[in-house]
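# Residue-level structural notes
Below, each chain spelled out in residue letters.
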Amino acid sequence: MKPSSGSLRKFALPAILFIASIAILAQNAVSYLLDSSRPRLLNYLNSAFGYTFNAEKISFDFLHGIGIKNASLYTSGIGNPDIAIEDIFISARILPILIRQTLVIKADISGAKLSVTKEKEGLSLQIIFSDVCKKISEKGPLKLPLLKRGLDIYIKQAELTYLDEPSRKNNMRLILKDSVLRQEEENFVFYSTVGFNYSLPQDSPDAPVLFKNKFIQQEAKYYAQGTIKGEDLVFTMISLNVGASQILGTGVTKSFTKKNPYLEIKFMPSSIFLGDILALQENFNAQGDAFVSVGLRGLMDSPKFTVNAKLNNCNFTYALTPPDVYNIKNISGDFSYADNQIRFKNCTLMLNNNQFLNVGADIRLAAECGIALNVSVPQGYLAQQGLPLKKIEAVLLGKITDTLKGSLEVNAVYMRRDLNIDMKAILKNIDFDYRNSGKKYFFAESLQLIKDNSTKVQRLTFHDLKAALYANKKKIELPGLEAKGYTGNITGQIRIDTADKPALRFTLSAAGLDVTPLMQDLNLSDKLLSGEMKIDIAFDNQKSKFLTGDCQIKNGTVDLDILAQIIKLPSFKNTSFETIDMSFSITKSSIGVEQIRLRSKEVMLDGSWNTDGKIEGALAIDIASETLNQSTSFHKLLTLTGIKKPYINFSFLLGGIPKNTRIMWLKGEFKDRIKEELPASIKISIENKLDELVDELENQ
Amino acid sequence: MNAIGFITVLFLAFMNLSCVTPKEGPGYYEALQEAASGNLDFAFLELNSYLRENPDSYHAPDIKFAVAEYHLGVKNYREAIDRLSKYIIDYPEEQNALLAQILLYKALIDFNPQSPLLEKLKERLFSKSIFLFLSDSKTKLYKSLLNNKYKIIEYVDRIEVLKNDEAILRIAP
């Protein structure tokens, strides 16, 4: 007789309730047993592994398996735990046993926090892992007849903090979300969403000003698969997805159970969009592609990270001096990083619409950041801006701490009337306070200016150069410039406009300059022998008369050798003067002396000339009769002409070309009398002798 | 004796006459005569022919100058420029060298005012410093085989050139 469905229902419910009760009882009993065994279990672990294990509670339920609440591991027993997990559930998966004869231990972890420090033997977590592996291998691995072993770990969220030595303050964190580690015998797979966060040191005076956010963060999807081969963990594939960019690699961790294993990971060259790198995007609004290869090699506690990249039309924006923003566009070239050194090579770029090429930089990252930067501007661009320059290049060698220290050399080739003139400015021992957003201070121990047109080298040397400096996107200004040189003091101001057409303007005043060393360096004239100079000059590259100046020299000596040879008076080779005043100007095609005046007891000279491809000018010289009478021939001439005046005037017209001057003696009382009195043969003789003298002077 | 002496003298005179050969061959003096008469074309032909037959003649430089001068006179500029340029290179120390440079300048001004050679020539023409002491200028005179008289007057600010008392060129630096 079959039992009725009614009677079945009548028995089912109590049966289910009974089984459920037994199950709940059993679950609670197991939970109770486990939790009461917790102290013994923890002691066992402590003595087995030599670490301090802790757990708030151990429980059991049929759904999740064994649950451990607030588990922690201390290596030192005091302070914060090295590993802390809020919840961990451990169970065995049944299906793999049935399908693949594999016992898979499953662990669900949430709220994990791990602290990593660098110890003498290696990284702390790796040391713990190595110790555990060693202890397990000493006891022998769990042998499961007929069953393979597997692990299936799911980590909902884990935070790994690297504590930097010696301060041990947090500055680098790794956050793993929804991470899965699956291992079956030798094979493993790991994937996770990885977040990286690095805080830039703020309280150090060396904190760089580049990153406005003061931290670097990045998220990526990480995937790795591989096998365990002997003592090595071989990654057959690593994939890193950063935004839309993906890079693939392979690698190996040699002796991965050792305290400090050796890492070797290589990512294949891949194209990355710079905007996908958050730090670059947030701080520099980076755009563009780079073809990048990355490598990591070395012991786990000190791996060497290398990057080689080819930049292709990348753009960056940076507010070095807010609110002004610098746009660096179309950057193409080579970038590399290795051994704490960043290198740019063969780069071209546009900065605020100005083009630069052959840009190279070597930046050593350290407490003091060493930098070697070289930049040049293409000739085509210079021509486009209407500048008479064939080349400008600058080389900066120095280091960046709270100020920029080093040396700067600027080389240019200036085209003037079909001549290429090499110009160079060398600033040594610079100290530049670049950090201030407003007024910055600039100091240079020495400044040397050199001009070389292949036939003549001219130079000027100054020292103790200091100035305030204001810089923004459109201009650089140095008001209140001060310097010393040639026993004198120099003051002035400089302004460089970069907005539309580049413009350079400066005014300089100098006083108390010793003419002797100045003339030797300037190589302008060996006639000015001594004196004290005061000079004011103004330069504006946008004006046709781009350089103008007024100069006064006092209480010096001058070599009037031409006069000395004509009048046969050696004393003129060393003529003392009270003052020489001169106003001059320079254009693209000429050098003009608007006025020159010399005043001395024996000679008074007034003149002006222009050398715009040809010489045009006039010169008036008054020579004291007393001086002229010292010359035998002139004494005779003066007696012949019967002129008795304190000063005899000689006026000349100047012509010819700059290399070969023509001089004509203008009419005057003395000339007219000579013409009347001298016989024709004597006049011809004098003319011939003067022609010979002129030839002689030319050949000198 | 007187007759013998007379015959001897006559004989010696004829001997001397027969031994006297002109320094220049036929053509040179004919050319000069043609030039003096104003027949410059015939003078040119004679001089050319003479030069071909006597390339190493003592008068070769003057003849080459005259040939170049002729080409300039008939406005055969390419030929004039070519010959004058060659003359300046071959005979830099000749008396006519300065005049050759001036005539080359003139040829270039007339034929190709944009020639870059003009600036270089100008620099050469003003390459000597001059001190004009009692006079306002210095003058140099030349006479060519084609009977042209040239006057080169150097002032403080220019050079003026006259040909047969007619101004043909003024050069300022």
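So, here's what we can say about the structure. Computed from a predicted structure; not experimentally measured. (Residues numbered from 1 in each chain as written. Chains lettered and ligands numbered in written order. Predicted model: local features only at pLDDT ≥ 70, side-chain atom pairs only at ≥ 80, totals over all residues. Heavy atoms only, no water.)

Glancing now at the pairing of strand 5 (residues 166–171) of chain B. Residue and element names in this part refer to chain B. Note that strand 4 (residues 159–163) and strand 5 share 5 bridges and pair antiparallel. Across the sheet, isoleucine 159 pairs through a bridge with isoleucine 171, a residue of strand 5. From the end of strand 4 to the start of strand 5, which pair antiparallel, there are 2 residues, and asparagine 164 there has a positive phi angle of about 55°. (Pairing = 2+ DSSP bridges. Helix = DSSP H or I, 4+ residues; strand = E, 2+ residues; numbered from the N terminus.)

Residue and element names in this part refer to chain B. Here helix 2 (residues 28–36) crosses helix 3 (residues 40–53) at 160°, and the two axes come no closer than 8 Å. Taken together, the axes of helix 2 and helix 3 are roughly antiparallel relative to one another. Judged by the twist between their axes, the crossing of helix 2 over helix 3 is left-handed. Judged by residue contacts, Tyr28, Glu30, Ala31, Glu34 and Ala35 of helix 2 engage Leu40, Phe42, Ala43, Glu46, Leu47 and Tyr50 from helix 3. The residue makeup of the contact of helix 2 with helix 3, split by class, is 8 nonpolar, no polar and 3 charged. (Axes fitted to C-alpha atoms, helices over the stretch in contact; angles between N-to-C directions. Parallel < 35°, antiparallel > 145°, perpendicular 65-115°, else oblique. Left-handed = near helix turned anticlockwise from the far one by under 90°. Contact = heavy atoms within 4.5 Å. Nonpolar A, V, L, I, M, F, W, Y, C, P; charged D, E, K, R; others polar.)

Here we come to unusual backbone geometry. All names here are of chain A. We note that aspartate 178 has phi near 50°; this positive angle belongs to a residue other than glycine. Structurally, aspartate 178 can be placed in strand 7 (residues 170–184). Judged by relative accessible area, aspartate 178 falls into the partly exposed class, the value being 42%. (Buried < 20%, exposed > 50% of the residue type's maximum accessible area, 1.4 Å probe, protein only.)

It is worth spelling out the packing of helix 4 (residues 60–73) of chain B against helix 5 (residues 77–90) of chain B at this point. Residues and elements named next belong to chain B. Between helix 4 and helix 5, whose axes approach to 7 Å, the crossing angle comes to 155°. What the angle tells us is that helix 4 and helix 5 run roughly antiparallel. Seen along the crossing, helix 4 lies across helix 5 with a hand that is left-handed. Each of Pro61, Lys64, Phe65, Val67, Ala68, His71 and Leu72 in helix 4 lies in contact with helix 5, whose residues at this interface are Tyr77, Glu79, Ala80, Arg83, Leu84 and Tyr87. Residues that form the contact of helix 4 with helix 5 fall into these classes: 9 nonpolar, 1 polar and 3 charged.

All names here are of chain B. Ordered in space as 2-3-4-5, the 4 strands form an open sheet in which the pairing is antiparallel. In this open sheet, the two strands that pair with only one neighbour each are strand 2 (138–143) and strand 5. Geometrically, the sheet is characterised by an average inter-axis angle of 20° between neighbouring strands, direction not taken into account.

Residues and elements named next belong to chain A. In total, this model carries 37 salt bridges over all chains according to the counting rule given. The residue aspartate 431 makes a salt bridge to lysine 405 at a minimum N-O spacing of 3.8 Å. Linking aspartate 431 in strand 21 (residues 419–432) with lysine 405 in strand 20 (residues 404–416), this pair joins segments that are 26 residues apart in sequence. Aspartate 431 sits in the partly exposed class, given a relative accessible area of 29%. (Salt bridge = Lys/Arg side-chain N within 4 Å of Asp/Glu carboxyl O.)

Taken together, the 20 residues of chain B in the interface contact 26 residues of chain A. Taken over both partners, the interface formed by chain B and chain A buries close to 2300 Å², and the fraction arising from carbon and sulfur atoms is 58%. Of all residues in chain B, B:Phe131, B:Phe133 and B:Leu134 give up the largest surface area on contact with chain A, accounting jointly for 36% of the area buried on that side. Taken together, chain B and chain A are joined by 1 salt bridge. In this structure, the salt-bridge partner of A:Arg662 is B:Glu154, at a minimum N-O distance of 2.5 Å. Secondary-structure elements contributing two or more residues to the side of chain B that touches chain A are helix 7 (117–125) and strand 1 (130–132) of chain B. Top contributing element to the side of chain B that touches chain A by residue count: strand 1 of chain B, with 3 residues. Split into classes, the residues belonging to the side of chain B that touches chain A amount to 11 nonpolar, 3 polar and 6 charged. (Buried area = accessible area lost by both parts, 1.4 Å probe.)

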